[in-house]
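Here's the letter readout for the chains.
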Amino acid sequence: MEGFVDHYIVLGLASGEEALKLTEKEIAKAYKLKALDLHPDKRPDDPDAHEKFQRLKTSYEVLKDEKARKLFDDLLRIQREKQHKKSQVDSKRRKMMSDLEERERSAFSPNPSARAYDEEERIARKLKEEIDRIRARHAKKKSGFQTPESNVDEKRKEERSGAGASVQLDKERMLKVSWEKCGEGYTAGRLREVFSEFGEVEDVVIRSTKKKCSALIVMATKDGAVAATRTLCGNLSNPLLVVPLQKAAQTDFLTAKKSAEAEPQSNIVGAGLQAYEDAVMQRLLQAAMDQKKRGV
């Protein structure tokens, strides 16, 4: 209600149903206490002090008049009833809205059993697709077609076999060369010059110890490597012992020159190969010394 004033509240009294029990003396006493507090002489700095005091007097005049008070009490009662009805309506409305929302959720949200059924259908469909794919792959294999997976496996096998063949071929082009660490030695350049007579030399790697020196010669072709093992090469004062890195068939060596020209044994390894090299080197040195004596 526009401009509504609760006169009980203005006098500092309880309103509502409790206000119906107040006596005229209680109302007069409350007015006197409030008037002492709101009197304009007590509030010289408050510009609204006079208006507040007049409102207080008006409220007191309404409440001390029996007829006016009864009408005011009726007005308060009607307002309380309206407020109560409104709260009830609001409560019912909230309850109705809540029930409606609950029914909507129940109508549109599937129950657990329905969700479980949908999940089962989805998994079964996926499984069927996977089975069809496997069957199609086996059918292609039987008809002579290969799947991308089998093509990849075949390609890997070819790469591995190709790598193995390459390693084997490289070993057939490699020579192991050794000489005594006395007299005129050999450098990488000198070895490349010596073996270039048999073909192109790709690489030379020298390894030296206290007593002997050795090197690994990589020829450009297998034929060049074979040719280098069938001749006596290097300086006569310190000839080279040449054996292929790839083991060949076993051969008997009757003389120092034949052992240098023939292909080395394939089953001599470890300490046996070292002893064989030492024996051949000793024979080569002996042959060189004999040649010098004949020259003298």
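Here the structure is a predicted model, which means the values were calculated and not measured.

Some points on helix α7 (residues 188-195)
- Among all positions of α7, only Leu191, Val194 and Phe195 are buried. Along α7, the residues classed as buried sweep out an arc of 85° about the axis, all on the same side.
- Of the surrounding secondary structure, the elements contacted by the buried residues of α7 are β1 (174-180), β2 (201-208), β3 (212-219), α8 (222-228), β4 (234-235) and β6 (241-244).

Some thoughts on the confidence of the model for the chain
- Of the residues in the chain, 70% reach a pLDDT of 70 or more, and the chain-wide mean stands at 76.
- Note that residues 248-257 has pLDDT below 50 and, in this model, 26 contacts with residues that lie over four places away or in other chains.

A closer look at the sheet that holds β6
- Strand order in the open sheet made by the four strands is β2-β3-β1-β6, with antiparallel pairing throughout. A strand with exactly one partner marks an edge of an open sheet, and here the two such strands are β2 and β6. The sheet shows a mean angle of 20° between the axes of neighbouring strands, direction not considered.
- Relative to β3, β1 runs antiparallel, the two sharing seven bridges. Of the residues in β3, the one forming a bridge with Ser178 is Ser214.

Notes on the pattern of salt bridges
- Following the criterion strictly, the structure yields twelve salt bridges and no others.
- Glu172 serves as the salt-bridge partner of Lys222, at 3.6 Å between the closest nitrogen and oxygen. Here Glu172 lies in helix α6 (residues 148-172) and Lys222 lies in helix α8, a separation of 50 residues in the sequence.
- Look at Lys222 and you get partly exposed, because its relative accessible area is 41%.
- A relative accessible area of 23% places Glu172 in the partly exposed class.

Brief notes about the packing of aromatic side chains
- A full pass over the atoms with the stated rule returns four aromatic pairs.
- Measuring from centroid to centroid gives 6.2 Å for Phe4 and Phe72, while their planes differ by 15°, and the two rings are stacked. Within this pair, whereas Phe4 is found in the segment before α1 (7-10), its partner Phe72 is found in helix α4 (residues 66-108), the two being separated by 68 residues in sequence.
- Centroid distance Phe195 to Phe198: 6.2 Å. Interplanar angle 55°. Geometry classified as tilted. Each of the two residues, Phe195 as well as Phe198, counts as buried.
- Members of the aromatic cluster, each reached through a chain of ring pairs, are Phe4, Tyr8 and Phe72.

Reading guide: rules and limits
- Within each chain, residues carry numbers counting from 1 in the order of the written sequence.
- Side-chain atom pairs in this predicted model are given and counted only at pLDDT of 80 or more, local residue features only at pLDDT of at least 70, and totals for whole chains, interfaces and linings cover all residues.
- Excluding hydrogens and water, the side-chain values take into account all heavy atoms of the structure.
- The buried label goes to any residue with under 20% of its type's maximum accessible area, the exposed label to any with over 50%, and the partly exposed label to all in between, with areas taken from a 1.4 Å probe on protein chains only.
- Strands are runs of DSSP state E lasting at least two residues, helices are runs of H or I lasting at least four, and both sets are numbered from the N terminus onward.
- Note that the arc is defined by the directions from the helix axis to the C-beta atoms.
- Here a residue-residue contact requires only that any non-hydrogen atoms of the pair lie within 4.5 Å.
- Scored between 0 and 100, pLDDT is the confidence that the predictor attaches to each residue.
- Two strands are said to pair when DSSP picks up at least two bridges between them.
- Here the axes come from fitting lines to C-alpha atoms, over the contacting stretch only for helices, and the angles between their N-to-C directions go from 0 to 180 degrees.
- When a carboxyl oxygen of Asp or Glu is within 4 Å of a side-chain nitrogen of Lys or Arg, the pair counts as a salt bridge.
- Working definition: rings of Phe, Tyr and Trp (its six-membered ring) pair if their centres are within 6.5 Å, and the pair is stacked with planes under 30 degrees apart, edge-to-face with planes over 60 apart, and tilted otherwise.

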